[in-house]
Each structure stands twice: as structure tokens, then as C-alpha cells.
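One-letter residues, chain by chain:
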Amino acid sequence: MSRVYDIAIIGAGPAGIATSCEAIIFGMRNILLFEKSDNHSDTIRRYFNDNKPVDKDWKGVHVDLKGHIDFKDGTKETTLDLFEDSLEKRLLDAKFNTEVSKVKRLVDRFKITTTTNEVYYAKNIVIAIGKMGKPNKPDYKIPSSLKSRANHTIADCKGNEDVLVVGGGDSACEYAYFIHQDNNVTFNYRRSEITKANPKNIKNLMNCVEDGEIKAKLGVDIEKLEDEDGKFKVFYANGDIEKYDRIIYALGGVTPKEFLHSCCVILDEKDHPIVDEKNLNSLGVYLAGDIAGDIGGSIALALNHGYNIIKDCMKDEVFEEQSA
Ligand SMILES: Cc1cc2nc3c(=O)[nH]c(=O)nc-3n(C[C@H](O)[C@H](O)[C@H](O)COP(=O)(O)OP(=O)(O)OC[C@H]3O[C@@H](n4cnc5c(N)ncnc54)[C@H](O)[C@@H]3O)c2cc1C
């Protein structure tokens, strides 16, 4: 008879780590944590710049932390350390390099299959995969000769380049601000005003625009791209044509609806997962973190989701809370 875990958590970002840690603290012992990359917090590692300030009340939204992970304002590095310590302290053994491909509901348990066809069983499932696994792409074609210089992060920026940053959210603002000292940066957003980002990020960006350090092209879309002598030739909808060495697309992530379908998650008519106040989607299927909301989440919200879920899972159990 195969072992049946009490809970299987898919994704070791803030939401998955919090759920696992709360599970241990609340007395669960049979916990499985899957992470497709080789380390936890892959979104933070890949999309946050080194030394990026990390705000607890992200975008100015105050969140009262309910759980046991003591998350505070800090930097990318202190945030990663906090999650590293949280996993170590609770001796949590995540299955790294293990990507879940499917979850099937059986009579009294879930069957979890990985991309390498390993099979596991659990009574409860937590989907905490975030939304950055599949970044949004533009509608127009990117010349194949330039694909290596059309990026979703600034990791490949070399300095001394003409860089176009496209997007209107926090990633776009932060990327433009972070690289502007070493590059000639143009910031393009199709709307005339940036409203979706953290006010602090908007302020940093607009100060640079006012000082002429970053060029803004707001309220205009890009119609097409061509390769001209190894550079992006960008045709804007207002007739402007400009050339860049690199384009950074910071357009957020797509809800992975096929994956959610194959994990027994019920979606609404707009393909957003349905969750109640306990983060429950359907019997035994919970969603935590960014994937649980149709708008952008935050680390603090993800941590609270983990706490809500474990409270709900353990509501009928007699347990002894472990010291935090
Ligand atoms: C540039 C940028 C700046 C930000 N700054 C802040 C900030 O200052 N403060 C703040 O609170 N928030 C910030 N955020 C938002 C914050 O990063 C997210 O809200 C948070 O990471 C969500 O956590 P999560 O656990 O839901 O998802 P994620 O952090 O995306 O983690 C999901 C994890 O699941 C794994 N995974 C995915 N699919 C599978 C699978 N099939 N099998 C196994 N594992 C899988 C991924 O590899 C990943 O490690 C920022 C976001 C960006 C992009």
C-alpha cells in the first residue's frame, strides 16, 4: 500500500513554504513539498534584482500577518534567508527539481503525478505555483534573430545598451529604475498613466523621467518589430520608429489554466480559480499565494494563505501547536 501524505504542496515559493511551515507548527507530520526548480523561491530568485528592497506592505496594502513566519521589510537577500531559515528550522525536506504535471481526485485521496511519472498520494492538495511560470508575451512577432535579446528579466543586461522596458507594473518600473544608470533606458506602457504599480516604484521612475534619465513613451502601443543590423527596430502606433539593443518585457504572468484543469481546480467563466475565505477551491483542493487571486498578490498575503489553509485542514484535529 503506497504511503498517503496528509498534505501535498505544489510550489516552494512564499505560499508553499508558509503552508509547509504552518503544517509542521500545527502538528502535521506527513507533508510533501514539490518544487520544480533546484531551489525554493524561484520567482524571487529570478525576477527580483539583487539588493532589491522588498516591502512587506507591497503596493501600500497593509497586511496583518497571521502565521509564524516573521516577514518584515528587507531586501531580496534577507527575504531569501528568511525562507531558507524557515525551511531549515522545521527540517522541511522539499522535493526539488520535481515538477507536478497532474493531480487526480480518487475516492479518498489525490493521486499526484510528476513530469517524470513518479506518483504520490495525499489527502489534501495545496496549489501554490504562483503566476510567473509562464510570463505574458506581446501579440506581435519577435524576429527570431533577436529572440535572445527579448527578455523577461534584466539578468542578461550588460550595460551600455539602448534598452526598452515594456510594461506598466512593478517589475517594469523596478527594472527600468534598476538598470538606468548603466544603460540608455526607454520605458514604454500602452496606457498614458501608470496606476497598477507600487506608488514608491512609480515615484522612482517618474523622478528619473523628469530628470531626463529615463525616456518615457506612455500611452502608445508597439505595432511591430524588425531586425535592422542586429538591433530591434520598433514601430510605435503613433508613427515613431526607434532602435534598441534589447527589450525587456515585464508583462506579468498568465494563469496556467490547462495545468489547473489537470489538477482538479474549478475555474470561473473568466478562467480564474474559485477560492473561498479558507482558500478552498473544492473538497481537499486549496490554492495559496498569487494563483489564488485574479489580481497581483504579495508575499505577506501568500504567507497568510498558508496559515488559513492549515487552520482549515486541522479544524477537526486535536493537535498540540509546536513552538514557532
Ligand atoms: C519584480 C517583482 C517585484 C516584487 N516585489 C514584491 C515586494 O517588494 N513585496 C511583496 O510582498 N511582493 C512582491 N512581489 C510579488 C511576490 O513576488 C509574489 O506575490 C510572491 O512571490 C507570490 O508567492 P507564491 O508562493 O504565490 O508564488 P511564487 O513566488 O511565484 O512561487 C511559486 C513556486 O512554485 C514553483 N512551481 C511552479 N509550478 C510548479 C509545478 N508544476 N511543480 C512544482 N513547482 C512549481 C515555482 O518554481 C516557484 O518556486 C514582486 C513580484 C515581482 C515580479
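The structure displayed is predicted, hence computed values, not measured ones.

## Brief notes about a negative patch on the surface
Right, on to step 1. Together, D81, E84, D85 and E88 make up a negatively charged patch on the protein surface.
Right, on to step 2. With respect to the secondary-structure elements, E84 resides in helix α3 (residues 76-89).

## Points about the domain arrangement of the protein chain
How big an interface is tends to be expressed through the accessible area that disappears when the partners come together.
Right, on to step 1. Segmenting the protein chain into domains produces domain 1 (4-133 + 253-313) and domain 2 (144-249).
Right, on to step 2. Domain 1 and domain 2 are separated by 31 Å when their C-alpha centres are compared.
Right, on to step 3. At the interface, 10 residues of domain 1 touch 12 residues of domain 2.
Right, on to step 4. Between domain 1 and domain 2 lies a buried interface of about 870 Å² when both sides are counted; carbon and sulfur atoms form 46% of it.
Right, on to step 5. Contact with domain 2 buries area across many residues of domain 1, yet Y47, N49 and K59 alone supply 56% of it, more than any other trio.

## Quick word on the sheet that holds strand β14 (residues 241-244)
Right, on to step 1. A sheet is described by the order of its strands in space; here 3 strands give the open sequence β12-β13-β14, paired in antiparallel fashion. In the strand order of this sheet, the two ends are held by β12 (222-228) and β14, each with one partner. Strand-to-strand, the axes of this sheet are offset by a mean angle of 25°, without reference to chain direction.
Right, on to step 2. Pairing analysis gives 6 bridges linking β12 to strand β13 (residues 231-236), with the strands arranged antiparallel. When the bridges of β13 are listed, L225 appears paired with V234.

## Overview of unusual backbone geometry
A negative phi holds for most residues other than glycine; trans holds for most peptide bonds.
Right, on to step 1. Here K59, not a glycine, exhibits a phi torsion of approximately 60°, which is positive.
Right, on to step 2. Looking at the secondary structure, you find K59 in the loop between β3 (53-54) and β4 (74-75).
Right, on to step 3. Residue class for K59 comes out partly exposed when judged on its relative accessible area of 30%.
Right, on to step 4. Phi at N97 takes a positive value of approximately 50°, unusual for a residue other than glycine.
Right, on to step 5. Note on placement: N97 falls in the loop between α3 and β5 (100-105).
Right, on to step 6. Relative accessible area serves as the criterion here: at 57%, N97 is assigned to the exposed category.

## With respect to the nonpolar core
A general trend in soluble globular proteins is that nonpolar side chains are found buried together.
Right, on to step 1. Of all hydrophobic cores here, the largest spans 60 residues; its most connected members are V165 and F187.
Right, on to step 2. Looking at which element gives the most residues to this core, the answer is helix α7 (residues 299-313), with 8 residues.
Right, on to step 3. A domain split of this core shows at least three residues from each of domain 1 (4-133 + 253-313) and domain 2 (144-249).
Right, on to step 4. Residues contacting V165, with those up to four places away along its chain left out, are A172, Y175, A176, I179, V185, T186, F187, N188 and I248.
Right, on to step 5. I10, F34, I125 and L267 belong to the second-largest nonpolar core, a separate cluster that totals 23 residues.

## Points about the side chain of D6
Right, on to step 1. With respect to the helices, strands and loops of the structure, D6 is situated in strand β1 (residues 4-10).
Right, on to step 2. A polar contact is formed between the side chain of D6 and the side chain of K123, at a distance of 3.2 Å.
Right, on to step 3. Beyond its immediate sequence surroundings of up to four residues, D6 is in contact with M28, R29, N30, K123 and N124.

## A short note on the side chain of H40
Right, on to step 1. For H40, the location among the structural elements is in the loop between β2 (31-34) and α2 (42-47).
Right, on to step 2. A relative accessible area of 1% places H40 in the buried class.
Right, on to step 3. Setting aside chain neighbours within four positions, we find H40 in contact with A12, I17, E35, R45, L80, F83, E84, L87 and F96.

About the cut-offs
- Residues numbered from 1 in each chain as written.
- Predicted model: local features only at pLDDT ≥ 70, side-chain atom pairs only at ≥ 80, totals over all residues.
- Heavy atoms only, no water.
- Patch = residues over 30% accessible without salt bridge, like charges linked within 9 Å, V, L, I, M, F, W, Y side chains within 5 Å.
- Areas by Shrake-Rupley, 256 points an atom, 1.4 Å probe, with all protein chains shown as cover.
- Salt bridge = Lys/Arg side-chain N within 4 Å of Asp/Glu carboxyl O.
- Lys, Arg positive; Asp, Glu negative; His and termini not counted.
- Charge placed at Lys NZ, Arg CZ, Asp CG, Glu CD.
- Helix = DSSP H or I, 4+ residues; strand = E, 2+ residues; numbered from the N terminus.
- Domains from an automatic or database assignment.
- Contact = heavy atoms within 4.5 Å.
- Buried area = accessible area lost by both parts, 1.4 Å probe.
- Pairing = 2+ DSSP bridges.
- Axes fitted to C-alpha atoms, helices over the stretch in contact; angles between N-to-C directions.
- Buried < 20%, exposed > 50% of the residue type's maximum accessible area, 1.4 Å probe, protein only.
- Core = buried A, V, L, I, M, F, W, Y, C linked by side-chain atoms within 4.5 Å.
- Polar contact = N/O pair within 3.5 Å; in protein donor to acceptor, adjacent residues only side chain to side chain.

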